[in-house]
2 protein chains.
Amino acid sequence: MMASALDPNKNLEGPTLSLATGEPRLADIAEIAGVSMSTVSRVLNGKATVASSTRRAVLTALDSLGYDRYRMAGARATGLVGIILPELINPVFAAMAQVAGTFLTRGGYTPIVCTLTPTGPTEDEYIEALIKADVDGILFCYGMHADTTAAHDRYQRLGSLGLPIVLVGGHAPDVDVPQVAVDDATAMSLAVRHLASQGHRRIGLAVGSERFSPSQNKRIGFVEALVDAGLATSLDDAETHVVPSAFAIEGGQIAASELITAGHTAIVCGSDVLAIGAIRAARLRRLRVPEDVSVVGYDDSPLMSYTAPPLTTVRQPVRPLCQAAVQALLDEMRGLNPSRELLLIEPELVVRSTTAIAPSAD
Amino acid sequence: MMASALDPNKNLEGPTLSLATGEPRLADIAEIAGVSMSTVSRVLNGKATVASSTRRAVLTALDSLGYDRYRMAGARATGLVGIILPELINPVFAAMAQVAGTFLTRGGYTPIVCTLTPTGPTEDEYIEALIKADVDGILFCYGMHADTTAAHDRYQRLGSLGLPIVLVGGHAPDVDVPQVAVDDATAMSLAVRHLASQGHRRIGLAVGSERFSPSQNKRIGFVEALVDAGLATSLDDAETHVVPSAFAIEGGQIAASELITAGHTAIVCGSDVLAIGAIRAARLRRLRVPEDVSVVGYDDSPLMSYTAPPLTTVRQPVRPLCQAAVQALLDEMRGLNPSRELLLIEPELVVRSTTAIAPSAD
């Protein structure tokens, strides 16, 4: 288990108490907050008619009494929250579904998961279904908001319907809701610096389609890191070391094959699944990983330490990412109007056995 | 993609048509079925008041007109179907969620996934949530029905509420609903015969808790296969080669370690996750897989061909399993009263690189 406490004062794992055990506590809260008991009740029931300052006063009173506000809300709410995310075959999304679901459960909500697949319902169909199911909120993980070519009015519409939502993993600056993403520029910098320090001079990037903002951010982070490391003379020069690919093992294999042909000794990949394809591409040319070609993944999906060889990868911090996203959604559902500024979560490099000192350039 | 068509006449991938394009078709159906248009309409709307024989006549008429009954139902229904299954961190359950979801979508339903985790909602809480969300049916995959120590009245209760359900992967003979599972006796026989044919004389089984019917079935299948292969003198003798373990990498490691200490050269595992633990146990003793110890998994989860070494495993046929289960649920939701007899799906052995000829017994 990773330790995680983005904000210890809002730790979702704190001690829990339920208001259900007695009314007197309502009075305590009302007294401390300097409001009426009915106002406390309206805050606890999530009524929109309470002024934001009053709401904060009540919740501050709750905190001062040692109540876990989310768990308390949970003792009342038996609400559903939808989690919409891409296909579960990519284990990092399965992990996100599970971790976000756990945090939502702790917050008193029942998570239901909707997976976007090529042959499944569309995101809009899921949204309709979730509204029909009367959900209290929706977490969008790597959804259409991450697609820069897609219209984003669906999110604005949900906002105007008063349905709380949070966007995870992909930034849509035009949408006025809380958003949480991984700092992909840092992710790429970690990978490039690790490889450069091992003597690699030709480092390539196999990354998903430019349509998606996480792929865009990786590309930008990568080319900047390459220039910073002195491995490209300009951003334009650095761009020549980027090969876009489909989000699949085969996509990684094709892109890596092209990079190897062009003389790259190290390949950074936009996902672990792409990295598995890159390892396969090297093997098909009878090159050894890591002796001949180094490969770095991205995600650190479950089981990646058991690949052959165990994968060096940039860990997408699923637990803090989901914790921050769920916290923002809980705040949004409680009418606390959490920050609209993009919250970036820091990734970390996990060095295993697919990277090594560059082969000597004879 | 595996080819799959359990019953070509009910192929969910068939051509699709929608009744929405015109009323005249209702008349065509009514004429062929020899019933009134209102009866056709009642069948299409899933009313329970239609006699089973009438329902069949209408659906047969539909088939004869070339309509895909499920897709047609889907053109009308925008219903939700819940899929309840264990944690997605085990990639085979993520695959099931995805594949069952795809078949449900083709059937015109929107799948929502509920995952059972130690810290998440209980199965009963999910059931309440799904009823609240007004689902049209629930698919239970490896749920409490597979736990032989758990009460099964919840399933009977859903039946009496008229909510169609299907149980997948675990047989509850006391529950009167359609059930689909993998033939685990055959699965174990495939693994034992493969190892015996390579000269292994001491074959052990690392398997999940006896509480769960799939584990029970694997144990029974294994001991019978061991006797059949002449590797145990009796079922009781064969039982001494079984070590129960927790459903986790560490569980597989501990059980395998015990089996290796007892002189086993081959270990059959109840899941791929357990097999990863078994490989780790061998390595920690500086034994090579497969030269010193052979390991067979169970599931063939996604990405298992990329482990070190690529895992020999019994494939749990996720696609036919889910297709059969969804078909039974669609039939149940259409009031067709599908068979209550347990439908067993045949597994297959996928030989990769963790099994080899037994080390010579010096």
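Residues numbered from 1 in each chain as written. Chains lettered and ligands numbered in written order. Predicted model: local features only at pLDDT ≥ 70, side-chain atom pairs only at ≥ 80, totals over all residues. Heavy atoms only, no water.

(A) Expanded view of the overall build of chain A. When you go through chain A residue by residue, the secondary structure sums to 13 helices and 12 strands. Counting all 362 residues of chain A, 58% fall into the buried class. In chain A, once contacts between residues fewer than 6 apart in sequence are set aside, the share between residues at least 24 apart is 71%. Of the roughly 14100 Å² of accessible surface on chain A, 53% is carried by carbon and sulfur atoms. (Helix = DSSP H or I, 4+ residues; strand = E, 2+ residues; numbered from the N terminus. Buried < 20%, exposed > 50% of the residue type's maximum accessible area, 1.4 Å probe, protein only. Contact = heavy atoms within 4.5 Å. Areas by Shrake-Rupley, 256 points an atom, 1.4 Å probe, with all protein chains shown as cover.)

(B) Looking closely at the sheet that holds strand 7 (residues 242-244) of chain B. Residue and element names in this part refer to chain B. Read across the open sheet, the 6 strands follow the order 7-6-8-9-10-12; overall the sheet is mixed. Lying at the two open borders of the sheet, with one neighbouring strand each, are strand 7 and strand 12 (348-350). Between one strand axis and the next, the sheet turns through 20 degrees on average, direction left out of account. Sheet topology note: the strand 6 (residues 203-207)/strand 7 ladder contains 3 bridges and is parallel. Each residue of the ladder has a partner; that of Val-207, found in strand 7, is Pro-244. Most of the contacts of helix 8 (residues 184-196) go to strand 9 (residues 294-299), to which it runs at about 160 degrees, and overall it touches strand 6, strand 8 (266-269), strand 9, strand 10 (312-315) and strand 12. (Pairing = 2+ DSSP bridges. Axes fitted to C-alpha atoms, helices over the stretch in contact; angles between N-to-C directions.)

(C) Representation of empty space enclosed by the protein within the structure. All chains considered together, the criterion is met by 2 cavities of 30 Å³ or more. Pro-91 and Leu-303 of chain A together with Pro-91, Pro-302 and Leu-303 of chain B are the residues nearest the centre of the largest cavity, which is lined by 19 residues in total. Ranked by residue count, the leading element in the lining of the largest cavity is helix 5 (residues 91-106) of chain B, at 3 residues. Reported here for the second largest cavity is a volume of approximately 60 Å³. The wall of the second largest cavity is formed by 13 residues, among which Gly-101, Thr-102 and Pro-111 of chain A together with Thr-115 and Tyr-126 of chain B lie closest to the centre. Those elements giving two or more residues to the lining of the second largest cavity turn out to be helix 5 (91-106) and strand 2 (110-116) of chain A. Among the elements that take part in the lining of the second largest cavity, helix 5 of chain A stands out by supplying 5 residues, more than any other. (1 Å grid on protein atoms, 1.4 Å probe; cavity = no way out; pocket = protein on both sides within 12 Å on 5 of 7 lines; lining within 4 Å. Points joined across faces, edges and corners; volume = space filled by probe spheres on them.)

(D) View of the interface of chain B and chain A. Contact residues are listed per partner, giving 35 residues for chain B and 35 residues for chain A. For the pair chain B and chain A, the summed buried area comes to about 3200 Å², and 66% of that belongs to carbon and sulfur atoms. Of all residues in chain B, the largest losses of buried area upon contact with chain A belong to Gln-98, Leu-303 and Tyr-306 of chain B, amounting jointly to 20% of the total for that side. Between chain B and chain A we count 10 residue pairs in polar contact (both at pLDDT 80 or more) in total. Taken together, the elements giving at least two residues each to the side of chain B that touches chain A come down to helix 5, strand 2 (110-116), helix 6 (123-132) and helix 12 (272-284) of chain B. Per-element accounting of the side of chain B that touches chain A gives the leading share, 7 residues, to helix 5 of chain B. Class assignment of the residues belonging to the side of chain B that touches chain A gives a composition of 22 nonpolar, 10 polar and 3 charged. (Buried area = accessible area lost by both parts, 1.4 Å probe. Polar contact = N/O pair within 3.5 Å; in protein donor to acceptor, adjacent residues only side chain to side chain. Nonpolar A, V, L, I, M, F, W, Y, C, P; charged D, E, K, R; others polar.)

(E) Representation of the relation of the copies chain B and chain A. With an RMSD of 0.1 Å, chain B superimposes on chain A once it is rotated by 180 degrees and translated 0.0 Å along the axis. Viewed as a symmetry operation, the transformation between the two copies matches a two-fold axis. Most of the interface of chain B is mirrored in chain A: 100% of its interface residues are interface residues there too. (Least-squares fit on C-alpha atoms with pLDDT ≥ 70 in both.)

(F) Here's a closer look at the pairing of strand 8 of chain B. All names here are of chain B. Burial of the side chains of strand 8 extends over both faces: Ala-266 and Val-268 are buried on one face and Ile-267 and Cys-269 on the other. Across 4 bridges, strand 6 lies against strand 8 in parallel orientation. Looking across to strand 8, one finds that Ile-203 is bridged to Ala-266. Examined bridge by bridge, strand 8 and strand 9 share 3 bridges and lie parallel to one another. Across the sheet, the residue bridging to Ala-266 is Ser-294, located in strand 9.

(G) Here's a closer look at helix 8 of chain B. All names here are of chain B. For helix 8, which comprises 13 residues, the first-to-last C-alpha distance of 18 Å matches the rise-based estimate of 18 Å (1.5 Å per residue) to within 8%. Within helix 8, burial applies to Asp-184, Ala-187, Met-188, Ser-189, Ala-191, Val-192, His-194 and Leu-195. Capping of helix 8 at its N-terminal end is provided by Asp-183; its side-chain oxygen lies 3.3 Å from the backbone amide nitrogen of Ala-185. (Expected span 1.5 Å × (residues − 1).)

(H) The arrangement of the packing of helix 8 (residues 184-196) of chain A against helix 9 (residues 213-228) of chain A in detail. Residues and elements named next belong to chain A. Where helix 8 meets helix 9, the axes come as close as 7 Å, and the angle between the chain directions of the two elements is 45 degrees. Relative to helix 9, the element helix 8 lies oblique. You can see that helix 8 and helix 9 cross each other, and the crossing is right-handed. Residues Asp-184, Ala-185, Met-188, Ser-189 and Val-192 of helix 8 touch helix 9, and the partners they reach there are Pro-214, Asn-217, Lys-218, Gly-221, Phe-222, Ala-225 and Leu-226. (Parallel < 35°, antiparallel > 145°, perpendicular 65-115°, else oblique. Left-handed = near helix turned anticlockwise from the far one by under 90°.)

(I) Representation of the packing of helix 5 of chain B against helix 13 (residues 318-333) of chain B in the model. Residue and element names in this part refer to chain B. Direction vectors running N to C along helix 5 and helix 13 enclose 45 degrees, while the axes themselves pass 9 Å from each other. One way to sum up the angle between helix 5 and helix 13 is to call them oblique. Read as a crossing pair, helix 5 and helix 13 show a hand that is right-handed. Between helix 5, through Val-92, Ala-95, Met-96, Val-99, Ala-100, Phe-103, Leu-104 and Arg-106, and helix 13, the contact on the second element is made entirely by Val-318, Arg-319, Leu-321, Cys-322, Gln-323, Val-326 and Leu-329.

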